[in-house]
Amino acid sequence: MTNVDRHGNVLSANDDAVRPYVEAVDCVLSARTGAEQLLRRAIEADPSFVLARWLLASVRQEAGDAAEASALRKACLEEASALSARERDHVVALGELMARGTKAMPLVEAYVAAHPRDLLFLEEAGRYLFFFGGRGKRARIRALYESVAPSHGEDWAYLGRFAFHLVEGGDPRAARMMAERALELRPDNGHAAHALAHALYELGAWKELRPFLDAWLARAGYEGRLRAHLFWHVAVLQIDAGEWEDALRTYEAHVVEEGAVFGPLALADAVGFLWRLRLHGKPASFEDVASRARALAGAGKARPFVDAHTALALAGVGDADAIVALTTSAGRDESTAALGRALASYARGDWTSAAAALEPLGEDLYEFVGGSNVERSLLGDTLLDAMVRSGSDAARAKLEARVAVWPSAGFVETLTKLGTS
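About the criteria used
- Residues numbered from 1 in each chain as written.
- Predicted model: local features only at pLDDT ≥ 70, side-chain atom pairs only at ≥ 80, totals over all residues.
- Heavy atoms only, no water.
- Axes fitted to C-alpha atoms, helices over the stretch in contact; angles between N-to-C directions.
- Helix = DSSP H or I, 4+ residues; strand = E, 2+ residues; numbered from the N terminus.
- Parallel < 35°, antiparallel > 145°, perpendicular 65-115°, else oblique.
- Left-handed = near helix turned anticlockwise from the far one by under 90°.
- Contact = heavy atoms within 4.5 Å.
- Nonpolar A, V, L, I, M, F, W, Y, C, P; charged D, E, K, R; others polar.
- Core = buried A, V, L, I, M, F, W, Y, C linked by side-chain atoms within 4.5 Å.
- Buried < 20%, exposed > 50% of the residue type's maximum accessible area, 1.4 Å probe, protein only.
- Expected span 1.5 Å × (residues − 1).
- Polar contact = N/O pair within 3.5 Å; in protein donor to acceptor, adjacent residues only side chain to side chain.
- Patch = residues over 30% accessible without salt bridge, like charges linked within 9 Å, V, L, I, M, F, W, Y side chains within 5 Å.
- Areas by Shrake-Rupley, 256 points an atom, 1.4 Å probe, with all protein chains shown as cover.
- Salt bridge = Lys/Arg side-chain N within 4 Å of Asp/Glu carboxyl O.
- Disulfide = S-S within 2.5 Å.

It is the contact of helix α17 (residues 287-297) with helix α18 (residues 304-316), at a shortest axis distance of 9 Å, that shows an interaxial angle of 150 degrees. It follows from the interaxial angle that α17 and α18 lie roughly antiparallel. The crossing of α17 and α18 is left-handed. For the pair α17 and α18, the contacting residues are V289, A290, A293, R294, L296 and A297 in the first and V306, D307, T310, A313 and L314 in the second. Of the residues assigned to the contact of α17 with α18, the class counts are 8 nonpolar, 1 polar and 2 charged.

Next up on the list: unusual backbone geometry. You will see that A31, though not glycine, has its phi angle at about 55 degrees, which is positive. Locating A31 in the fold gives a position in the loop between α1 (15-29) and α2 (35-45).

Next up on the list: the nonpolar core. Grouped together as the largest cluster of nonpolar side chains are 145 residues, with contacts concentrated most on Y21, F273 and L339. Tallying contributions element by element places helix α16 (residues 264-279) first for this core, with 10 residues. Look past the residues within four positions of F273 in its chain and what remains in contact with it is W232, A235, I239, A247, L248 and Y251.

Moving on, we get to helix α20 (residues 334-347). Taking 1.5 Å as the rise per residue, α20 with 14 residues should run 20 Å; its terminal C-alpha atoms sit 20 Å apart, in good agreement. With 12 of 14 residues buried, α20 lies mostly within the body of the structure. Those residues of α20 not exposed but buried are S335, T336, A337, A338, L339, G340, A342, L343, A344, S345, Y346 and A347. In this structure D333 caps α20, since a side-chain oxygen of it lies 3.1 Å from the backbone nitrogen of S335.

Let's shift gears to the environment of E359. Examined against the element boundaries, E359 turns out to sit in the loop between α21 (351-358) and α22 (362-369). The spacing of E359 and E44 is 315 residues in sequence and 54 Å in space, taken between C-alpha atoms. Every residue in contact with E359, bar those within four places of it in the chain, is listed here: L383 and K398.

Glancing now at a nonpolar patch on the surface. A contiguous nonpolar surface patch, about 210 Å² in accessible area, is contributed by L77, V92 and L107. In this structure, L107 sits in helix α6 (residues 105-114). You can call L107 partly exposed: its relative accessible area is 38%.

Since there are 3.6 residues in each turn of an α-helix, residues three or four apart along the chain are aligned in direction. End to end, helix α7 (residues 119-132) covers 20 Å across 14 residues, agreeing with the expected 20 Å (1.5 Å per residue, within 8%). A large share of α7 lies buried, amounting to 13 of its 14 residues.

All right, on to the side chain of H309 then. As for its placement among the helices and strands, H309 is situated in helix α18. Setting aside residues up to four positions removed in sequence, H309 forms contacts with L267, A268 and V271.

Turning our eyes to something else, we now look at the side chain of D155. Considering the arrangement of structural elements, one finds D155 in the loop between α9 (149-152) and α10 (156-168). Judged by relative accessible area, D155 falls into the buried class, the value being 10%. Not counting the four nearest positions on each side in its chain, D155 is found in contact with R6, H7 and L119.

Side-chain pairing between opposite charges can occur once the charged atoms of the two side chains come close. For the coordinates displayed, the defined rule picks out 35 salt bridges. Here E123 ties to R127 by a salt bridge, and the two come within 2.7 Å at their closest N and O atoms. Of this pair, E123 and R127 both sit in helix α7, separated by 4 residues, roughly a single helical turn. Residue R127 is classed as buried on the basis of its relative accessible area, which comes to 19%. D381 is paired through a salt bridge with R402; the nearest N and O atoms lie 2.8 Å apart.

This part takes up the state of the cysteines. Counted under the stated rule, the structure contains 0 disulfides. Not engaged in a disulfide, the cysteine C27 finds its nearest cysteine sulfur in C76; these two sulfurs lie 19 Å apart. Taking the relative accessible area as the measure of exposure, C76 reaches 0% and is therefore buried.

Next comes the structure, spelled out in structure tokens:
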């Protein structure tokens, strides 16, 4: 009998390997723990199971182990010619995307068109594009998910992932409905909970978001890959509410594990939290985070999302020279270098130059950096802070616009002070 995954894709592996692999795929698609252990069981049962080793590489990459991930992917690509056509194309198309970026999109799109039921491929391609897809990445990801909608219907995994990309694509209301349906179908779906958190944030549904996160994290007993990140959302809401001490307790207890190796999301969470504290006039220590950020940025090729957050961490320790060195090193383009110059000025306390350098970068740079709207909002808030500190005449109007969208306590306080000065 032919072995297949939950979506009907044929797998070239024995029964003892396929069972834990299928479970591991659902762990990945629901952002729950256990995928690595299941994949290692699958590989032990069938060492020739390339798709299991390829997915293990992604799991290790996310955990911050770039060396093992690279070695696993290299071996898989070397063995790809011996696979079935679909499995070969799955590995090769993703390998080309990681090697060549958006130049490989025709290959990715052709694979998705030929195999619309391979939701794992879509998940991996979408996640890579989300962080490293550059300009136009939101439209690319949305188009991929929309193209396979007839093949997935109300699949909980499809709805949970597509909901998040709908938020980022500018349709939080549709995303909210989709995420809520995904949670009805599978209540412990971490991706759906994450998508709903972003949708509620974008919709300004403050009174619903915090109770939802508190209740869902407690009820689901969630220990998945997004647990720390969902607590990061809680901590950001506490900052917005002016609950500084509670925010710090949440961060220290749930968000960043001391001494852990950073992956891109952990880096963004740590820097994003500490930088928000700093922007709101609260003390924040960046020494440990800056050290770990340097290690991540120094591993592998240039990645604007990692570089931007590393530069913010370096600005947190006042190391302007290191920011310039990083953002102008091999493989970095002019957009990264321009952001580096702006953040170096900020690190030196040259608020006028920082504001002047940040403002022209605009939305184009924010999309180029990658990550979510919430994560990229740090750059806009940094511009706003530099304008306020420099005494810019335009600061008040920008501050009023910011508070109208997200009424963070620190910015409300700053606006009040400007009104009385």
